[in-house]
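Close look at the chain arrangement
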Amino acid sequence: IVTNEETMHRLKGEKGTKVKIGILRNGEKKDFSVVRGDIPVKSIDATYMLTDHLGYIRVKSFGETTYPELLNSLAQLEQEDFKGLVVDLRGNGGGYLASAIQMVNEFLPENKLIVYTEGRKAKREEYRSDGRGSYQELPLIVLTDETTASAAEIFSGAIQDNDRGVVV
């Protein structure tokens with residue numbers, strides 16, 4: 001029996017190269033040859049309706065594609081006529097600040113402070129909502145836990161600081 005770690009080590013390699021795989025099932029062995037490629041890593045791993053009117057989106061990290069993934073998830077929930085949203089950030093260790101800013105902008109009215117950065121040698125730089133978000137009135141619940149960090153804290157903090165939803 002091969003461990004998961006050993007399997008991953010054997011399968012990983014340069015994109016475009018081939019790897020041979022043998023699979024033994026019910027005493028019968030089959031051999032395959034596959035070409036290594038990119039495996040897309042999704043930031044949003046769940047989107048569905050919790051009730052007839054309450055949508056749910058689980059954001060496991062904030063990456064380069066998180067904002068477009070959010071828009072796709074919201075469009076999916078629109079099709080199901082959602083009237084409120086739960087954004088689950090539990091276990092989310094953060095990631096790209098820009099993605100968190102883009103995401104929270106969907107829910108805030110114009111000119112609300114999302115976050116600011118400031119350093120000893122860097123002037124204060126504020127990031128504010130632009131008022132173009134499509135879900136500025138949507139009832140919102142954000143779930144967090146002790147492992148919610150970084151960009152996920154920026155998102156939940158901006159929702160809380162602007163009295164835009166409930167953070168649990």
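Structure's up top.
Keep in mind it's a predicted model, so treat the numbers as computed, not measured. (Residues numbered from 1 in each chain as written. Predicted model: local features only at pLDDT ≥ 70, side-chain atom pairs only at ≥ 80, totals over all residues. Heavy atoms only, no water.)

Counting its regular elements, the protein contains four helices and nine strands. Projected onto its principal axes, the C-alpha positions of the protein cover 60 × 50 × 30 Å. Looking at the protein residue by residue over its 168 residues, the buried ones come to 33%. For the protein, contacts bridging at least 24 residues in sequence account for 60% of all contacts bridging at least 6. (Helix = DSSP H or I, 4+ residues; strand = E, 2+ residues; numbered from the N terminus. Buried < 20%, exposed > 50% of the residue type's maximum accessible area, 1.4 Å probe, protein only. Contact = heavy atoms within 4.5 Å.)

Right, let's talk about the packing of helix 3 (residues 97-105) against helix 4 (residues 151-161) for a bit. Any two packed helices are characterised by how steeply their axes cross, that is the angle between the axes, and by the distance between the axes. The geometry of helix 3 relative to helix 4 is characterised by a closest axis approach of 8 Å and an angle of 25° between their N-to-C directions. As the angle between them shows, helix 3 and helix 4 are arranged roughly parallel. Between helix 3 and helix 4 lies a crossing of right-handed hand. Every residue of helix 4 that contacts helix 3 at Leu97, Ala100, Met103 and Val104 is listed here: Ala151, Ile154, Phe155, Ala158 and Ile159. Of the residues belonging to the contact of helix 3 with helix 4, the class tally is nine nonpolar, no polar and no charged. (Axes fitted to C-alpha atoms, helices over the stretch in contact; angles between N-to-C directions. Parallel < 35°, antiparallel > 145°, perpendicular 65-115°, else oblique. Left-handed = near helix turned anticlockwise from the far one by under 90°. Nonpolar A, V, L, I, M, F, W, Y, C, P; charged D, E, K, R; others polar.)

Next up on the list: the pattern of salt bridges. One side chain can pair with another of opposite charge once the charged atoms of both are near each other. A full pass over the atoms with the stated rule returns nine salt bridges. With a shortest N-O distance of 2.8 Å, Asp81 and Lys83 are connected by a salt bridge. Residue Arg90 is joined to Asp88 by a salt bridge in which the shortest nitrogen-to-oxygen separation is 2.7 Å. For Asp88, a relative accessible area of 2% puts it in the buried group. (Salt bridge = Lys/Arg side-chain N within 4 Å of Asp/Glu carboxyl O.)

Our focus in this paragraph is the environment of Leu71. Its location among the elements puts Leu71 in helix 2 (residues 66-79). Judged by relative accessible area, Leu71 falls into the partly exposed class, the value being 33%. A sequence separation of 79 residues divides Leu71 from Ser150, and the C-alpha atoms of the two residues are 21 Å apart.

This part takes up the environment of Thr3. On the secondary structure map, Thr3 appears in the segment before helix 1 (4-11). Sequence-wise, Thr3 and Asp161 are 158 residues apart; in three dimensions their C-alpha atoms are separated by 46 Å.

Our next topic: the layout of surface pockets. Counted as a void, the largest pocket has a volume near 240 Å³. Around the largest pocket, the lining residues are Met8, Leu11, Lys12, Gly13, Lys15, Val19, Val34, Val35, Arg36, Gly37, Asp38 and Ile39. Of all elements in the fold, only helix 1 and strand 2 (28-35) reach the threshold of two or more residues within the lining of the largest pocket. By residue class, the composition of the lining of the largest pocket is six nonpolar, two polar and four charged. (1 Å grid on protein atoms, 1.4 Å probe; cavity = no way out; pocket = protein on both sides within 12 Å on 5 of 7 lines; lining within 4 Å. Points joined across faces, edges and corners; volume = space filled by probe spheres on them.)

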